[in-house]
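Structural overview
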Amino acid sequence: MANPFEDQNAHYTVLRNDEDQHSLWPAFAATPDGWVVVHGPGRRDECLAYVREHWLDLRPRGVTEFIAAQTG
């Protein structure tokens, strides 16, 4: 069986967690606890474009808030 996370022809959703991290997720799979769908379902390339446009800071939210508090 092919890896469902790498199938170029499959449909995906984009998930986001409480730390503002994003994940490309196969549309057929249930959304894991702690994640919400923020885009899709759509083609893999569309979902990756959404991630590139919206997930600009790869650091978890807790890290960015900590740094802001230290420098603020």
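Residues numbered from 1 in each chain as written. Predicted model: local features only at pLDDT ≥ 70, side-chain atom pairs only at ≥ 80, totals over all residues. Heavy atoms only, no water.

1. Overview of helix α1 (residues 44-54)
All of the buried residues along α1 are R44, C47, Y50 and V51. Down the axis of α1, the buried set is contained in an arc of 125°. They therefore lie on one face. For α1, the exposed residues set more than 90 degrees away from the buried face come down to R52 and E53. Considering only its buried residues, α1 is in contact with β1 (11-17), β2 (22-26) and β3 (35-43). (Buried < 20%, exposed > 50% of the residue type's maximum accessible area, 1.4 Å probe, protein only. Helix = DSSP H or I, 4+ residues; strand = E, 2+ residues; numbered from the N terminus. Arc of directions from axis to C-beta. Contact = heavy atoms within 4.5 Å.)

2. Some words on the pairing of β1
Taken across its seven residues, β1 has five buried, putting it largely inside the fold. Of the pairings in the sheet, the one linking β1 to β2 comprises five bridges and is antiparallel in character. Note on β2: the bridge partner recorded for L15 is S23. The loop that links β1 with its antiparallel partner β2 comprises four residues; one of these, D20, has a positive phi angle of about 65°. (Pairing = 2+ DSSP bridges.)

3. So, unusual backbone geometry
Here the amide bond leading from G40 into P41 is cis, since omega sits at 10°, within 30 degrees of zero. By secondary structure assignment, the location of P41 is in strand β3. Positive phi outside glycine occurs at D20, with the angle close to 65°. Of note, D20 is situated in the loop between β1 and β2. With a relative accessible area of 29%, D20 lands in the partly exposed category.

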